[in-house]
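Structural overview for review
Chain by chain, the residues:
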Amino acid sequence: MHDKLRKLAAAIGLVVPLLGASAAGAQDKVVFQIDGNVVPFYAPLYAGVENGFFADQNIEVEFLYAGASDILTNIAAGNVDFGFPNGDAVVAAAANGLPVKVVHTTYQRGIGALLAKKESGIETYADLKGKKVAVTSLGSPNYLQLQVGLAKSGLSIDDVTVEVVASGAIVQTLQSDDVDAIVFSELRKYALEAAGFDVNMILSNDFLPSFGNVVVTSSAKLAENPDLVKRFTTAVTKSYEWVIDGHVKEALQISMDKYTPTWADQMDILTTAFENTFVASVWQSGLTKEKGLGAADFTAWQMNADILAEYKVIDAAPKAADFVVDPSSIE
């Protein structure tokens, strides 16, 4: 009898590793296409992969990179599984009829901002009258932010001189006083302060609700494989939760070690930016405290779409409920 039990136990012992190997081999491989390039601002996602949060959901991730419009085209065509473009691009894609769905509003607000040296006296958009302001292009979100900010202050684009400056040089134009203000990213405030400049900042999201990077997939994938979408958004949430829960430096170190080594000398500035901007008010909001990270603010999404239509960025505003999904509703 004992021999039979020993043989049975040995047989089970052989079977368990085989089952484990089979399960590991069955991981869902997904392509995740991210907006722009390999930069440490995506450290939570890199850390999520390295910490096994995606593997815990039985998902293997391959990162690719492209511009937002290309990402959305690829999503709609089924060329990639998930994308991480900016919110404005998603609204434009939805307005053009692309079958894309936001399944995780990762950035609860946009990070666009007007920056000016404190000595300039520019504290409100009304103070821009007669001033020279730089944006990266006349088709960029920051140009729209400038237009809306001026309108809210009773001014128009004709009340300022607009300079178009490439993103790699726009901060330098402010440093050298070639312009009076720039409308770009609030993250550049930390670089300016590190260089010894006192800076006034006006967040664009205060008058133009928008969203930075959000997770998107195709309507078809959401309908056909909601389980995969749910597991993927769960892994994204766990990745950001880990960073928020006191692991900013660890996440950035993971990024530097394996993904973005050329940024290593920016560790201090990045740590400040993560703690003061991303953790403080970009990845989290009153809504996420109630419903969890990635929650969808349908009112803000609709307002964004309506403003884009008002300023002729898109022909007509799509309904937010048609292209935005709250991750908690995915079954």
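Residues numbered from 1 in each chain as written. Predicted model: local features only at pLDDT ≥ 70, side-chain atom pairs only at ≥ 80, totals over all residues. Heavy atoms only, no water.

Relative to the 16 Å expected for 12 residues at 1.5 Å per residue, helix α5 (residues 141-152) spans 16 Å between its end C-alpha atoms, a close match to the ideal helical length. Close packing links the buried residues of α5 with β5 (112-117), β6 (132-135), β7 (161-164), β8 (181-185) and α13 (298-310). Positive phi appears at Gly 154, one or two residues downstream of α5, with a value of about 80°. (Helix = DSSP H or I, 4+ residues; strand = E, 2+ residues; numbered from the N terminus. Expected span 1.5 Å × (residues − 1). Contact = heavy atoms within 4.5 Å.)

Take the confidence of the model for the protein chain next. Should the pLDDT be low somewhere, the predicted coordinates at that spot are not to be read in detail. Scored by pLDDT, the protein chain has a mean of 92; 92% of the residues are at 70 or more. Per-residue pLDDT stays below 50 along residues 1-25; that stretch engages in one contact with residues further than four places along the chain or on separate chains. (pLDDT = per-residue confidence, 0-100.)

Quick look at the packing of aromatic side chains now. By the definition in use, this model includes 21 aromatic pairs. Judged by centre distance (5.2 Å) and plane angle (75°), the ring pair of Phe 274 and Phe 278 falls under edge-to-face. One end of the pair is Phe 274 and the other is Phe 278, both in helix α11 (residues 267-282) and four residues apart, which spans about a single turn. (Phe/Tyr/Trp six-rings, centres within 6.5 Å; stacked < 30°, edge-to-face > 60°.)

In this section: the side chain of Thr 277. Counting through the fold element by element, Thr 277 comes out in helix α11. Of note is the side chain of Thr 277, whose polar atom sits 2.6 Å from the side chain of Tyr 190. Apart from the residues within four sequence positions on either side, Thr 277 is in contact with Arg 109, Ile 111, Glu 186, Leu 187, Tyr 190, Thr 272 and Val 282. (Polar contact = N/O pair within 3.5 Å; in protein donor to acceptor, adjacent residues only side chain to side chain.)

Now for the environment of Lys 101. Its place among the elements puts Lys 101 in strand β4 (residues 100-104). In sequence terms Lys 101 and Asp 158 are 57 residues apart; their C-alpha atoms lie 37 Å from each other. With residues up to four places along the chain from it excluded, the contact list for Lys 101 reads Val 215, Val 216, Thr 217, Ser 219, Leu 222, Asp 322, Phe 323 and Val 325.

Moving on, we get to the packing of helix α2 (residues 43-50) against helix α10 (residues 248-259). Each pair of packed helices can be described by the angle between their axes along with the distance between the axes. α10 packs onto α2 with a crossing angle of 80° between their chain directions and a minimal axis gap of 8 Å. Judged by the angle between their axes, α2 and α10 are roughly perpendicular. Of the residues in α10, those touching α2 at Ala 43, Tyr 46, Ala 47, Val 49 and Glu 50 are Ala 251, Leu 252, Ile 254, Ser 255, Lys 258 and Tyr 259. When grouped by side-chain class, the residues that make up the contact of α2 with α10 number eight nonpolar, one polar and two charged. (Axes fitted to C-alpha atoms, helices over the stretch in contact; angles between N-to-C directions. Parallel < 35°, antiparallel > 145°, perpendicular 65-115°, else oblique. Nonpolar A, V, L, I, M, F, W, Y, C, P; charged D, E, K, R; others polar.)

Overall, the coordinates contain eight salt bridges when judged by the stated rule. Note that Asp 177 and Lys 117 form a salt bridge whose closest N and O atoms lie 2.9 Å from each other. With Asp 177 in the loop between α6 (170-175) and β8 and Lys 117 in strand β5, this residue pair connects regions lying 60 residues apart in the sequence. In this structure, the salt-bridge partner of Arg 231 is Asp 227, at a minimum N-O distance of 2.9 Å. One end of the pair is Arg 231 and the other is Asp 227, both in helix α9 (residues 226-244) and four residues apart, which spans about a single turn. Judged by relative accessible area, Arg 231 falls into the buried class, the value being 16%. With a relative accessible area of 45%, Asp 227 lands in the partly exposed category. (Salt bridge = Lys/Arg side-chain N within 4 Å of Asp/Glu carboxyl O. Buried < 20%, exposed > 50% of the residue type's maximum accessible area, 1.4 Å probe, protein only.)

Our next topic: the environment of Gly 294. When you line up the elements, Gly 294 lands in the loop between α12 (286-291) and α13. Here the alpha-carbon distance between Gly 294 and Val 325, two residues 31 residues apart in the chain, equals 9.8 Å. Leaving out residues up to four positions away in the same chain, Gly 294 has contacts with His 104, Thr 105, Thr 106, Gln 108, Thr 288 and Pro 327.

Our next topic: the sheet that holds β8. Read across the open sheet, the five strands follow the order β7-β6-β8-β5-β9; overall the sheet is mixed. Across the chains shown, the open sheet's two edge strands, defined by having one partner strand only, are β7 and β9 (199-203). Between one strand axis and the next, the sheet turns through 30° on average, direction left out of account. In this structure, β5 lies alongside β9, joined through five bridges in antiparallel fashion. In the sheet register, Ala 113 faces β9, and the bridge partner there is Leu 203. Taken strand by strand, α5 contacts β5, β6, β7 and β8, and its axis lies near 125° from that of β8. (Pairing = 2+ DSSP bridges.)

Formed by 50 residues in total, the largest nonpolar core has its most connected members in Phe 32, Leu 45, Phe 84, Phe 232 and Trp 283. Looking at this core, the elements with two or more residues in it are β1 (28-35), α2, β2 (59-66), β3 (82-84), α9, α10 and α11. Ranked by the residues each element gives to this core, the list is headed by α9, at nine residues. Listed in part, the 47 residues of the second largest apolar core include Val 102, Val 135, Leu 155 and Phe 211. (Core = buried A, V, L, I, M, F, W, Y, C linked by side-chain atoms within 4.5 Å.)

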